[in-house]
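Structure assessment
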Amino acid sequence: MARVHLPLNQWPLSDRRAWEAAIQAGDILDGQGPAVHWRPATRHSAIQHYGRWLGYLANTGDLDRTAEPEDRVTPDRIRTYITHSKGRLAPRSIVSALVGIKVMVKAMAPEQSWRWLADICNALHRSARPITDKRSRMRDTGEIVAAAQANLDLLLTGPLKTRLDRVGFRDSLMLALLAARPLRLGNFTHLQLGRHLTQDSNIWRIDIPASETKTNQPLSFDVPKFLTFYLEAYLHRVRPTFLPSSHAAPPALWLGYKGQPLTAHSLYYRIIGITDRLLGHSINPHLLRDCAATTLSTQSADDALTAAALLGHRSFATTERYYIRANQLEASRQIGRVIDTIRTGAKETP
């Protein structure tokens, strides 16, 4: 049976009304919907998961369009949905699908108890195992950065006249910066010149406000000094060649060769491609975050603690919240020192 996704405008009327109520804005007196504060990405993901659930019900002839959302989400149907998904989705994808249904139905029918559904999600999460062993694909962050830097140096020996060379330079820079400053994909994709990326004297800074981060915590990092030369080469020699002469330059840092801002989807696969070419196997942007955390944790316990700040995670405990926020800049500088040490050692090895 093919996977069927029911778009929002084709949902049963009761579901659409329940969702509209869940995102209804209002003041304290009028009341607000439970999902009014969800970020756009969270809403999109939940709508996709719920749409696939409704599509599954429609495909099996079990979609009663007169029923309320909470009436069709039953233990029996959920168990059947899990059975249907096995063999079609990876275990962790099944968990994500069920969590998507759970958060949606909790928002659309908050007066109901969904403890049983949360228990199923938790049980699936505990038993889920990734299809591939990500540890076999992980590399030391210093090694990743060194490979990207070596390719940048190689490309700079030429005139950077071909599109292939300029795109390769951009991709190698993205890899080096994302490995050294492992932002979440959305934040990295949407970096803008003059807003998120600014220069103070000879130091480039990345500052992302709390309103744009997953954890509602602001992020502040220095761009590593050893990448400054390459960043400025990209800004002055590469990025301008992507811009049509008849168009104003968009603020996006990362541009496609036709001048359009890269999407998260495109950037994801550019990182996949460049890591496969330079390292012999692909490493996705999220795995680069794991690589950074592992690199720090192998240095010392203190370095492991700074990984939370570097990655923009929530604090280990409430009492450590301000400690982590205050040490975000130090965390970025610490991994820079680690990378420098590894790079220097690699160059000295015959």
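Structure first, text after, so check above.
Now for a description of the structure that goes with this document. All values derive from a computational prediction rather than experimental measurement. Sequence order sets the numbering: in each chain, residues are counted from 1 along the sequence as written. Residues qualify for local features only when their pLDDT is at least 70, as the model is predicted, and side-chain atom pairs are given and counted only at 80 or more; totals for whole chains, interfaces and linings, by contrast, use all residues. The basis for every side-chain value is the complete set of heavy atoms in the structure, and neither hydrogens nor water enter the calculation.

Before going further, it helps to spend a moment on the overall build of the protein chain. Where helices and strands are cited, they refer to DSSP runs of H or I of at least four residues and of E of at least two residues respectively, numbered from the N terminus. Tallying secondary structure elements over the protein chain gives 15 helices and 3 strands in all. Any two residues whose heavy atoms approach within 4.5 Å are treated as being in contact. Considering only residue pairs separated by 6 or more positions, the protein chain has 63% of its internal contacts joining residues 24 or more positions apart. The Shrake-Rupley method, run with a 1.4 Å probe, gives the accessible areas here. Residue values count only the displayed protein chains as cover. Split by element, the accessible area of the protein chain, about 18,000 Å² in all, is 53% carbon and sulfur.

A few words on the environment of Val223. With respect to the helices and strands, Val223 occurs in the loop between strand 3 (219-222) and helix 10 (225-238). Judged by relative accessible area, Val223 falls into the buried class, the value being 4%. Sequence-wise, Val223 and Trp204 are 19 residues apart; in three dimensions their C-alpha atoms are separated by 5.4 Å. The residues touching Val223, leaving out its near neighbours within four places in the chain, are Leu177, Arg181, Leu197, Trp204, Ile206 and Leu231. Between buried and exposed lies partly exposed: a residue is buried under 20% and exposed over 50% of the maximum accessible area for its type, with that area taken using a 1.4 Å probe on protein chains only.

Turning to unusual backbone geometry, a few remarks are in order. For residues besides glycine, phi is generally negative; the peptide bonds are generally trans as well. Even without a glycine there, the phi angle at Leu160 is positive, about 55°. With respect to the helices and strands, the residue Leu160 is situated in the loop between helix 7 (141-156) and helix 8 (163-180). The exposure class assigned to Leu160 is buried, which follows from its relative accessible area of 5%. Of note, the phi angle at Ser201 is positive, near 60°, even though the residue is not glycine. With respect to the helices and strands, the residue Ser201 is situated in the loop between strand 1 (197-200) and strand 2 (203-208).

Pairing of aromatic side chains requires ring centres within 6.5 Å, counting the rings of Phe and Tyr and the six-membered ring of Trp. Pairs whose planes differ by under 30 degrees are stacked, by over 60 edge-to-face, and all others tilted. One pass over the full model with this rule turns up 10 aromatic pairs. Note on Trp53 and Tyr81: the rings are 5.2 Å apart at their centroids and 75° apart in plane angle, and the pair reads as edge-to-face. One end of the pair, Trp53, is in helix 2 (residues 40-59); the other, Tyr81, is in helix 4 (residues 75-85), and 28 residues separate them in sequence. Side by side, Trp53 and Tyr81 carry an identical accessibility label, which is buried. Aromatic pair Phe229 and Tyr230: ring centres 5.4 Å apart, planes at 75°, arrangement edge-to-face. Taken together through their ring pairs, the aromatic side chains of Trp53, Tyr56 and Tyr81 make up a single cluster. Whether a charge sits over a ring depends on NZ of Lys or CZ of Arg being within 6 Å of the ring centre and within 35 degrees of the ring normal. Lying over the aromatic face of Tyr257, Arg163 brings its terminal NZ or CZ to 4.0 Å of the ring centre.

What follows is about the nonpolar core. By size, the foremost hydrophobic cluster in this structure holds 54 residues, and its most contacted members are Phe169, Phe188, Tyr234 and Trp254. The element that contributes the greatest number of residues to this core is helix 8, accounting for 10 residues. The contact partners of Tyr234, leaving out residues within four places of it in the chain, are Phe169, Arg170, Leu173, Arg239, Pro240, Phe242, Leu253, Trp254 and Leu255. In this text, buried Ala, Val, Leu, Ile, Met, Phe, Trp, Tyr and Cys residues form a nonpolar core when linked through side-chain atoms within 4.5 Å. Counting 34 residues, the second largest nonpolar core, distinct from the first, contains Leu6, Tyr50, Val73 and Ala107.

The next subject is the side chain of Asp171. Turning to its location among the elements, Asp171 is positioned in helix 8. Whenever a nitrogen or oxygen atom comes within 3.5 Å of another N or O atom, the pair is scored as a polar contact, on the condition that within protein one atom can donate a hydrogen and the other can accept it, and that pairs from neighbouring residues in sequence are kept only if both atoms are in side chains. At a separation of 2.7 Å, a polar atom in the side chain of Asp171 contacts the side chain of Arg270. Ignoring any residue separated from it by four or fewer positions in sequence, one finds Asp171 in contact with Arg270 and Ile274.

By the secondary structure assignment, Ile120 is in helix 6 (residues 115-127). The exposure class of Ile120 is buried, given its relative accessible area of 18%. Each C-alpha atom, one on Ile120 and one on Pro75, is 9.2 Å from the other, the two residues being 45 residues apart in sequence.

Here we take up the pattern of salt bridges. Put simply, a salt bridge is a Lys or Arg side-chain nitrogen that is within 4 Å of an Asp or Glu carboxyl oxygen. Scanning the model with the defined rule gives 10 salt bridges in all. Salt-bridge contacts for Arg115 lead to Asp119; the nearest nitrogen and oxygen are separated by 3.1 Å. Of this pair, Arg115 and Asp119 both sit in helix 6, separated by 4 residues, roughly a single helical turn. Given a relative accessible area of 47%, Arg115 falls into the partly exposed group. Overall, the relative accessible area of 39% leaves Asp119 in the partly exposed class. A network of salt bridges, in which partner residues are shared, links Arg170, Asp171 and Arg270.

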